[in-house]
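# Residue-level structure breakdown
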Amino acid sequence: MQKVDLNGKTILVTGAAGFIGSNLVKRLFQEVNDATIIGIDNMNDYYDVSLKEWRLEQLKLESGKLKVDWQFVKGDIASKKTIDDIFEQYKPAVVVNLAAQAGVRYSITNPDAYIQSNLIGFYNILEACRNNPVEHLVYASSSSVYGSNKKIPYSTDDKVDNPVSLYAATKKSNELMAHAYSKLYNIPSTGLRFFTVYGPAGRPDMAYFGFTNKLVKGDTIQIFNFGNCKRDFTYVDDIVEGVVRIMQGAPEKKTGEDGLPVPPYAVYNIGNNQPENLLTFVDILQQELIRAKVLPEDYDFEAHKKLVPMQPGDVPVTYADTSALERDYGYKPSTSLRDGLRAFAEWYAGFYQK
């Protein structure tokens, strides 16, 4: 592994107004000295834009206190010119690509958004990395690539050729494209398969956030697969910790026996390595929402939940094997569901009910 010193470097984070992106930028502000951090986001309205604006506002406040050189570009990675201009102007040494159209269900009804952002956008990033001296490209993949893999826990050594949604297919494509570019142009790249990320100021299309919005309004929530889903819920700070560590260790450039580069390429799972039943998750969420006074003490939870069949594109279980992450970076996510959902409930109370 090649050590990458982030101090004094220019770092590009795509999807910087997103859930993981904004948390990563905030963390880099605190950790990295004399760096220039460039964020790009197209601020699309896939979910409430005011949440993205709030995250950016937090970053602006934070950067002012810390005197970080923080530059935000409102733009789309699917625009080749936009990406080329950023690389030409700022010459980033480290690139973290988190910009993507997310969500399994949305990909069934709006496939075009996924092709634009996840394929064309990522291609533009790869091309820019090919034409500029980038020390490390880190990019978001997803646990969705495992499809309906029967073997658990999911290991990065498993074959992942059977995606069950277009979203998953685009993420698998990103890994394949990155591998080809690593091999052809010797670009050190690391893909990260994230497992069900949650936390304060998260994505409103994620189950815990959607459930909360519905319960507050007195609507009924639907629990899929009759509650027999298990998810490896991973707290956002744990994801960010993993990303920051991985940014600092790039796959090493080596030459093979044929005299050609061995692709400096790696893929890791970042998950909690502890799948929780959806009903347990919802039960803890309800307790924490009552504790944070988002819901009243006597809330009749049973009257507001309905067990329903599985949705197309969904999988019954996600479960991360994180042994490679532990071996190479000495790190394993550890935030408990109770602590993570408590932080979310307290944030929700402050943000929506102030």
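Here, every reference points to the structure presented above.
Residues numbered from 1 in each chain as written. Predicted model: local features only at pLDDT ≥ 70, side-chain atom pairs only at ≥ 80, totals over all residues. Heavy atoms only, no water.

## Remarks on the overall build of the protein
What the protein contains, in helices and strands, is 11 helices and 17 strands. Rg of the C-alpha trace for the protein: 20 Å, near the compact-globule value of 20 Å for 354 residues, within the 12% margin. Oriented by its inertia axes, the alpha-carbon framework of the protein measures out at about 65 × 50 × 40 Å. Looking at the 354 residues of the protein, the share that counts as buried comes to 55%. Taking the intrachain contacts of the protein between residues at least 6 apart in sequence as the baseline, contacts between residues at least 24 apart amount to 84%. Roughly 15,400 Å² of accessible area belongs to the protein as shown, and the carbon and sulfur atoms make up 49% of that amount. Once the 39 positive and 43 negative side-chain charges of the protein are each reduced to a mean point, those two points are 1 Å apart. (Helix = DSSP H or I, 4+ residues; strand = E, 2+ residues; numbered from the N terminus. Rg over C-alpha atoms; globule rule 2.2 N^0.38 Å. Buried < 20%, exposed > 50% of the residue type's maximum accessible area, 1.4 Å probe, protein only. Contact = heavy atoms within 4.5 Å. Areas by Shrake-Rupley, 256 points an atom, 1.4 Å probe, with all protein chains shown as cover. Lys, Arg positive; Asp, Glu negative; His and termini not counted. Charge placed at Lys NZ, Arg CZ, Asp CG, Glu CD.)

## Digging into a nonpolar patch on the surface
The grouping of Phe 226, Leu 279 and Leu 307 at the surface amounts to a nonpolar patch, some 250 Å² of accessible area in total. Mapped onto the fold, Phe 226 is located in the loop between strand 9 (221-223) and strand 10 (230-231). You can call Phe 226 partly exposed: its relative accessible area is 44%. (Patch = residues over 30% accessible without salt bridge, like charges linked within 9 Å, V, L, I, M, F, W, Y side chains within 5 Å. Salt bridge = Lys/Arg side-chain N within 4 Å of Asp/Glu carboxyl O.)

## Thoughts on the packing of aromatic side chains
On inspection of all chains with the given rule, the structure shows 32 aromatic pairs. Both rings, one in Tyr 198 and one in Phe 233, keep their centres 6.3 Å apart while their planes meet at 90 degrees; by these two values the pair is edge-to-face. Residue Tyr 198 is found in strand 8 (residues 197-198), and its partner Phe 233 is found in the loop between strand 10 and strand 11 (234-235); the two are separated by 35 residues along the sequence. Comparing Tyr 198 with Phe 233, the two get one shared label, buried. Aromatic ring contacts, followed pair by pair, group Trp 54, Tyr 198, Tyr 208, Phe 209, Phe 233, Tyr 235, Phe 281, Phe 344, Trp 347, Tyr 348, Phe 351 and Tyr 352 into a single cluster. (Phe/Tyr/Trp six-rings, centres within 6.5 Å; stacked < 30°, edge-to-face > 60°.)

## A look at the side chain of Ser 165
For Ser 165, the location among the structural elements is in the loop between strand 6 (136-142) and helix 6 (166-185). A polar contact of 3.1 Å, which involves the side chain of Ser 165, links it to the backbone nitrogen of Ala 168. (Polar contact = N/O pair within 3.5 Å; in protein donor to acceptor, adjacent residues only side chain to side chain.)

## Describing the sheet that holds strand 4 (residues 69-74)
The 7 strands are arranged 4-3-2-5-6-7-15 in an open sheet whose pairing can be described as parallel. A strand with exactly one partner marks an edge of an open sheet, and here the two such strands are strand 4 and strand 15 (265-270). Averaged over neighbouring strand pairs, the angle between their axes works out to 15 degrees when direction is ignored. With 6 bridges joining them, strand 6 and strand 7 (residues 189-194) adopt parallel strand pairing. Of the residues in strand 7, the one forming a bridge with Ser 141 is Arg 193. Sheet strands in contact with helix 5 (residues 111-130) are strand 2 (10-14), strand 5 (94-97) and strand 6, and its direction is about 165 degrees off that of strand 6. (Pairing = 2+ DSSP bridges. Axes fitted to C-alpha atoms, helices over the stretch in contact; angles between N-to-C directions.)

## Some points on the pairing of strand 2
Where burial is concerned, most of strand 2 is hidden: 5 out of the 5 residues are buried. Burial along strand 2 is two-sided: the residues Thr 10, Leu 12 and Thr 14 and Ile 11 and Val 13 are all buried. Alignment of strand 2 against strand 3 (residues 36-41), held across 5 bridges, turns out to be parallel. Counted as the bridge partner of Ile 11 is Ile 37 from strand 3. Handedness of the crossover joining strand 2 and strand 3 through helix 1 (residues 19-31) is recorded here as right-handed. As defined by bridge partners, strand 2 adjoins strand 5 across 4 bridges and the pair is classed as parallel. Each residue of the ladder has a partner; that of Leu 12, found in strand 5, is Val 95. (Right-handed = clockwise from strand over helix to strand, strands pointing away.)

## Structural notes on the pairing of strand 15
Most of strand 15 sits inside the fold, with 5 of its 6 residues counted as buried. Pairing of strand 7 with strand 15 involves 6 bridges; the strand directions are parallel. Paired with Thr 190 across the strands is Ala 266, a residue of strand 15.

## Some words on the packing of helix 7 (residues 207-217) against helix 11 (residues 337-352)
Axis separation between helix 7 and helix 11 bottoms out at 12 Å; the angle between their running directions is 50 degrees. As summarised for this structure, helix 7 and helix 11 are arranged oblique, according to the angle between their axes. The two elements helix 7 and helix 11 cross, and the hand of that crossing is right-handed. Contacts between helix 7 and helix 11 pair Tyr 208, Phe 209, Thr 212, Asn 213 and Val 216 from the former with Phe 344, Trp 347, Tyr 348 and Tyr 352 from the latter. (Parallel < 35°, antiparallel > 145°, perpendicular 65-115°, else oblique. Left-handed = near helix turned anticlockwise from the far one by under 90°.)

Any functional reading would require information that these geometric values do not contain.
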